[in-house]
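Chains, contacts and geometry: an overview
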Amino acid sequence: MTTEILRYSAFTDDPAGGNPAGVVLDASGLDDPAMLAIAAEVGYSETAFVTGGDAERRRFRVRYFSPLAEVAFCGHATVALAVALAERLGPGEVVLDTPAGEIPVSTAVDGTGAVRATLTSVPTRSRPALPAERDAALGALGWTAADLDPALPAHVAFGGNDHLVLAAASRARLADLDYDFDALAEVMRRYGWTTVDLVWRESAELYHARNPFPVGGVVEDPATGAAAAAFGGYLRELGLVTGPATIAVRQGEDMGRTSELLIEVDPRDQRTRVTGQAVPVSGASV
């Protein structure tokens, strides 16, 4: 039996940019080892598998696998999947039942003819990182406390998965990322983090981000929608958003795969809305 695997790059309008994701629209006949094997063969940070659902109701069950393990939620693969569905079913609303919970996604065609997707995360939360958590991550990254922005304290933020948020004091510090892959993976497994969300604040409306993902077998994600959703909760928890706001997160620049993520944060709503495009890269069957 062959399985059709679609490949999209998310949070970009350029197939050479953004974060590529695999999409399997019919995984109903695949068991866990088969999905993990496909994700490993595809080699992207995540592949989304539609394991069931109802096209007429536009509701689908979805699971996400990295090359090494299943993850509860993946934002860029969700955007890729939503665009793939919109191209086949037409734009509009879909609901995805994921291991992290229900994720509504709306798709629309913009003035250029591109499909844009907006996912609404599960309720977010954020708490200060414990000193031991922060220091273990800093050690694996080769950073010190002096490399951090004191105005943006370290937190563990949740938007479907847990992410450690560390804010760099300068753009140069963010750009100089050369970490101990195995050591950081061990720290992340110990504390249950999916990525480490490294950010630098250019302005209140624009942040730059990098996301190491060694627990998934990937050095770095060029775009991380789940971390962006969690980061929205972080900003809300710190009181940095006082009214409904749209904030840009630029990621992947230092990898040569620039990604643009837009997050909508409302202090009265625990959820974050994350918007981006996705474009086909290629298709294949295995």
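I will try to describe carefully the structure that is included in this document. (Residues numbered from 1 in each chain as written. Predicted model: local features only at pLDDT ≥ 70, side-chain atom pairs only at ≥ 80, totals over all residues. Heavy atoms only, no water.)

Right, let's get into the environment of A34. Following the sequence through the fold, A34 ends up in helix α1 (residues 32-42). For A34, a relative accessible area of 24% puts it in the partly exposed group. Remark: the alpha-carbon pair of A34 and E202, spanning 168 residues in sequence, is separated by 43 Å. (Helix = DSSP H or I, 4+ residues; strand = E, 2+ residues; numbered from the N terminus. Buried < 20%, exposed > 50% of the residue type's maximum accessible area, 1.4 Å probe, protein only.)

This part is about unusual backbone geometry. Of note, F11 is a non-glycine position whose phi angle comes to about 65 degrees, a positive value. Along the polypeptide, F11 turns up in the loop between β1 (4-10) and β2 (19-24). Backbone geometry at R58 places phi at a positive 60 degrees, although glycine is not the residue there. Relative to the elements of secondary structure, R58 occurs in the loop between β3 (47-54) and β4 (59-65).

Contact geometry of helix α3 (residues 131-141) with helix α5 (residues 181-191) gives a least axis separation of 8 Å together with a crossing angle of 160 degrees. Classed by the angle they form, the pair α3 and α5 counts as roughly antiparallel. Classified by chirality, the crossing of α5 by α3 is left-handed. Across from A132, E133, A136, A137, A140 and L141 in α3, the residues of α5 making contact are A183, L184, V187, R190 and Y191. Looking at the contact of α3 with α5 residue by residue, the class counts come to nine nonpolar, no polar and two charged. (Axes fitted to C-alpha atoms, helices over the stretch in contact; angles between N-to-C directions. Parallel < 35°, antiparallel > 145°, perpendicular 65-115°, else oblique. Left-handed = near helix turned anticlockwise from the far one by under 90°. Contact = heavy atoms within 4.5 Å. Nonpolar A, V, L, I, M, F, W, Y, C, P; charged D, E, K, R; others polar.)

As a further point, take the side chain of R173. Tracing the backbone through its elements, the reader meets R173 in helix α4 (residues 171-175). A residue is classified by how much of its surface remains accessible, and R173, at 15% relative accessible area, is buried. Excluding residues within four positions of it along the chain, R173 makes contact with G142, W143, D147 and A168.

Here we come to the pairing of β3. The buried fraction of β3 is high, at six of eight residues. Strand direction decides the pairing type here: β2 and β3, joined by three bridges, are parallel. Paired with V23 across the bridge in β3 is A48. Bridge analysis of β3 against β4 gives seven bridges, and the strand direction is antiparallel. Residue pairing across strands places G53 opposite F60, the latter belonging to β4. Between the end of β3 and the start of β4, which pair antiparallel, lie four residues, with R58 showing a positive phi angle near 60 degrees. (Pairing = 2+ DSSP bridges.)

Looking now at the nonpolar core. In this structure, Y64, L96, L166, F231 and I263 are the most contacted members of the largest nonpolar core, which totals 82 residues. Broken down by element, the residue count for this core peaks at nine residues, all from helix α2 (residues 75-89). Not counting residues within four places of it along the chain, the set of residues in contact with L166 comprises R134, A137, L138, L141, L148, A154, V196, D197, L198 and V199. By size, the runner-up hydrophobic cluster in this structure holds 11 residues, among which are A27, M35, A39 and F49. (Core = buried A, V, L, I, M, F, W, Y, C linked by side-chain atoms within 4.5 Å.)

In this structure the tally under the stated criterion is 18 salt bridges. A salt bridge links D97 to R59, with the shortest nitrogen-to-oxygen separation between them at 2.9 Å. In this pair, D97 sits in strand β6 (residues 92-98) while R59 sits in strand β4, placing the two residues 38 residues apart along the sequence. In this structure D97 comes out as partly exposed when scored by relative accessible area, which is 25%. Its relative accessible area of 23% is what places R59 among the partly exposed residues. Note that D176 is salt-bridged to R173, the shortest N-O span being 3.7 Å. Look at D176 and you get partly exposed, because its relative accessible area is 47%. The structure contains a network of salt bridges with shared partners spanning R171, R210, E220, E253 and D254. (Salt bridge = Lys/Arg side-chain N within 4 Å of Asp/Glu carboxyl O.)

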